[in-house]
Amino acid sequence: MRTRCPSRPVVAIALLLAVAIGSLHERAAAWGNDGHRIIGTIATAQVSESTAKALRELLGDETTADACTWADEIRRDRSYDWVKPLHYINVPRGSERLDLARDGAEGQQVVSAIGKYKAILADTTKPKAERVEALKFVLHFVGDVHQPLHVSYADDLGGNKLSLKSFGKKSNLHKVWDTDLIDRELSRMRSGGWAVLSANLREAIKPEQRTKWASSRDPLQWANESLAITRTIYANPPQGNGDVDDAYFTRWMPTVNERLQMAGVRLAVLLDEALAPGEAKPSSSKKDAGPKKDAESKKDGAPAKNGAPSKNGAPAKAPA
Ligand SMILES: [Zn+2]
């Protein structure tokens, strides 16, 4: 019996669908661009003068905010496929702490990547192009490791396979945390976009919070914080019909805001350590290019604490 050859239009449609589905999946794999830009601008408003100068020298005309999203833009370039596992780390269900010997393929995960590229960024004997690439990686990965679902489970691709409706639209749990909650926040603001939200969040950081967050310089600790939040997220799925709505937003947006703030503060410290070692850090926020706040000010919220172990004890393997 002869196999039937699909007609050309069918093949073309199938290819288009594959590309569309592929790009949807790719997009759902990191804080959205706004989240990364918010973190980058919180950080650059706080770095030392020497660090700011070094950033300008390395990035040229490119803004730090734009450089923060480069690691996602290269997802479409097959020659950068090796970068994909560096955006996240998977843990077995039920784990309360990360174990770098167990989690992630031979150091190919976000925690190790931050240390590796920070060292390259700090090494002034390296070629400039290599240091620029390392800078773009750390700008991005410090953000990623603070997105709770980048420290989660392989069997549902970090929540990408958990389909749900979010504010009436088709979405999934990973995307809710990458973009939907931030988008909701932006749509509730009377005016301004991510830059206003970034300025609001930076201004809301209390000195004692800054001191506390800045004192934590270990990406493994940042990842363990994310895991604790992930466990709580899984233990407390959206109520009612299971859709993400304003009740979910009210419950979790403070956590999103705090993770963005923490990532920004820690990114600033990391950049100072790599680019201006030994320089004293100012403790209060300095002038920045951010617009004035005109949105409702947000309270800082700590992640909820009632993290019961999640169901389904499947081992981690596939990428999130
Ligand atoms: Zn990412």
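Look above for the structure.
Conventions we followed
- Residues numbered from 1 in each chain as written.
- Predicted model: local features only at pLDDT ≥ 70, side-chain atom pairs only at ≥ 80, totals over all residues.
- Helix = DSSP H or I, 4+ residues; strand = E, 2+ residues; numbered from the N terminus.
- Expected span 1.5 Å × (residues − 1).
- Buried ≥ 20, exposed ≤ 12 C-beta atoms within 10 Å, placed from the backbone.
- Core = buried A, V, L, I, M, F, W, Y, C linked by C-beta atoms within 7 Å.
- Contact = placed C-beta atoms within 7 Å.
- Pairing = 2+ DSSP bridges.

For the rest of this paragraph, the subject is helix H11 (residues 219-235). Across its 17 residues, H11 extends 24 Å between first and last C-alpha, which sits within 8% of the 24 Å expected from 1.5 Å per residue. Every buried residue of H11 is listed here: Pro219, Trp222, Ala223, Ser226, Leu227, Ile229, Thr230, Arg231, Ile233 and Tyr234.

Tracing the sequence through the fold places Tyr234 in helix H11. You can call Tyr234 buried: it has 23 C-beta atoms within 10 Å. Separated by 61 residues in sequence, Tyr234 and Leu173 have C-alpha atoms that sit 9.6 Å apart.

So, on to unusual backbone geometry. Although it is not a glycine, Leu157 sits at a positive phi angle of roughly 50 degrees. Looking at where Leu157 falls in the secondary structure, it is placed in the loop between strand S2 (151-152) and strand S3 (163-166). The phi dihedral of Phe167 falls on the positive side, at around 50 degrees, and the residue is not glycine. With respect to the helices and strands, Phe167 occurs in the loop between S3 and strand S4 (169-172).

This part takes up the nonpolar core. Membership of the largest hydrophobic core comes to 66 residues, with the highest contact counts inside it found for Val110 and Val138. In terms of residue count, the dominant contributor to this core is helix H12 (residues 246-275) (14 residues). Dropping the residues within four chain positions of it, Val110 is found in contact with Leu86, His87, Tyr88, Ile89, Phe141, Asp144, Val145, His150 and Ala223.

With that settled, consider the pairing of S3. Side chains Leu164 and Ser166 project from S3 onto a buried face, and the interleaved Ser163 and Lys165 project onto a face without burial. Two elements, S3 and S4, share four bridges in a ladder whose sense is antiparallel. Of the residues in S4, the one forming a bridge with Lys165 is Lys170. What sits between the antiparallel neighbours S3 and S4 is a turn of two residues, in which Phe167 has the positive phi angle 50 degrees.

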